[in-house]
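Observations on the model geometry
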Amino acid sequence: MKTLLREPLIHFIAVALIVFSTYSIWTEHLGRRGETITVTEQDMERMASLYAAESGALPSLEDMAAMVTDHVRDKALSREARRLGLDQDDTIIERRLAQKMSFMISDLADTTEPDEATLRAWYEAHPDAYTTAPNITFEHVFLSTDRRAATIEGDTTTLLATLNASTPPDWRTLGDPFMLQRAYGNLPFRETVRLFGVDFARGLFDLESGGEWQGPVASSFGLHLVHLVSKDDGHLRAFEDVRAQVESDYRETAQRAANEKAVANIIKRYKVEIEGAE
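This structure is a prediction, so every number in the text was calculated from the model and none was measured.

Rules and cut-offs
Residues numbered from 1 in each chain as written. Predicted model: local features only at pLDDT ≥ 70, side-chain atom pairs only at ≥ 80, totals over all residues. Heavy atoms only, no water. Pairing = 2+ DSSP bridges. Helix = DSSP H or I, 4+ residues; strand = E, 2+ residues; numbered from the N terminus. Axes fitted to C-alpha atoms, helices over the stretch in contact; angles between N-to-C directions. Contact = heavy atoms within 4.5 Å. Salt bridge = Lys/Arg side-chain N within 4 Å of Asp/Glu carboxyl O. Buried < 20%, exposed > 50% of the residue type's maximum accessible area, 1.4 Å probe, protein only.

**Focus on the sheet that holds strand 4 (residues 223–232)**
Reading across the sheet, the four strands line up as 2-1-4-3 and stay open at both edges, with antiparallel pairing between neighbours. Both outer strands of the open sheet, strand 2 (183–188) and strand 3 (213–218), are each paired with one neighbouring strand and no more. With direction set aside, neighbouring strand axes in the sheet form an average angle of 40°. Direction of pairing for strand 1 (residues 135–143) relative to strand 2: antiparallel, over a ladder of four bridges. The residue bridging Glu-139 from the neighbouring strand is Ala-183, located in strand 2. Contacting strand 1, strand 2 and strand 4, helix 8 (residues 189–196) runs over the sheet at an angle of about 125° to strand 2.

Here it is as C-alpha cells:
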C-alpha cells in the first residue's frame, strides 16, 4: 500500500500547495506571529492511507484536496482555541488527555515475565475462575397440563411406570409434542433456567443421575418425566487445560497493577487541595 501511495503523493503535494493558496490571508496573519501550519508528506500519506483503508481505493486529487483543507482548518482552529484558552477547564479535553496519558503509561509500564511457578500459584489462588459451571445431561418426556387437565396425575404415574418397566418402549414415542428438544447434553444451570424456568432447573439439578426415570418435574410448559444421564456440579479444570487463560489473566492483572502504581506516582508529584475539606 505504501508503494502505491508514494507516486500519487507527488501530485498530492502540488494540490496541497494550491489549497494553501486559498488560505493566503490567514497564513500571512499567522506568519507575522511566527506560526506556521506545515502539512508534511507523511501527513498526506497518512491521510491517503486512511482513505484507502476505508474506501478500498486511492483518493482522487479532489479527495486529497478536501482532506488537506480539513486538516489545515482543524489545525488552525485548534491553535486559535488554545490561544484563546478554550482548552482550559474543558472536561472532554481533560478526559481525552488523561486517556492518552493512560495509554502511554500502559505502553511503558514494566511488568515481570511470569514463570511456571508464578502461573501455577495464580491458578491455585483463583480456583473459581477456572471451575466449570454446573451442567447436566438429560432426556425427558413431556406431559401437557392443558391437554391432560383431568387426567394428568394418573397419566404421569402410568407413564413413569411404563418408562421404568423391564422392556420399556422407545421413550421418544411417548408423551405429548414438545416445542423444544427432548434431550440435552451438558446443559449449564443458567441455560436450563432460560429454557425451562428456575423451578424446573432447581428440581432437575436436585435429582441424582441413574438408570431410572424420575419425576415429574414441573416447568412453565407442564410436567416432565426425566432420565438424568449425568450431572456435573462443577469442577476445577486442570492447569494444563487452562494455562493460556491463566497467563492472560495474570498478565492483565499485573498490567493493571503496574498502571495504577504509575498513576499513583504521578499524583504524588502534585499537592491536592480540596476546598471545604478539613
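After presenting the structure, the write-up continues.
**A closer look at the pattern of salt bridges**
Should the charged atoms of two oppositely charged side chains come close, the side chains can pair. Applying the stated criterion across every chain, the model contains twelve salt bridges. For Arg-73, the salt bridge identified is with Asp-74, shortest N-O distance 3.7 Å. Take Arg-73: its relative accessible area is 45%, and that puts it in the partly exposed class. The residue Arg-120 makes a salt bridge to Glu-240 at a minimum N-O spacing of 2.9 Å. Note that Arg-120 is positioned in helix 6 (residues 116–125) and Glu-240 in helix 10 (residues 239–267), a separation of 120 residues in sequence. Judged by its relative accessible area of 34%, Arg-120 falls in the partly exposed class.

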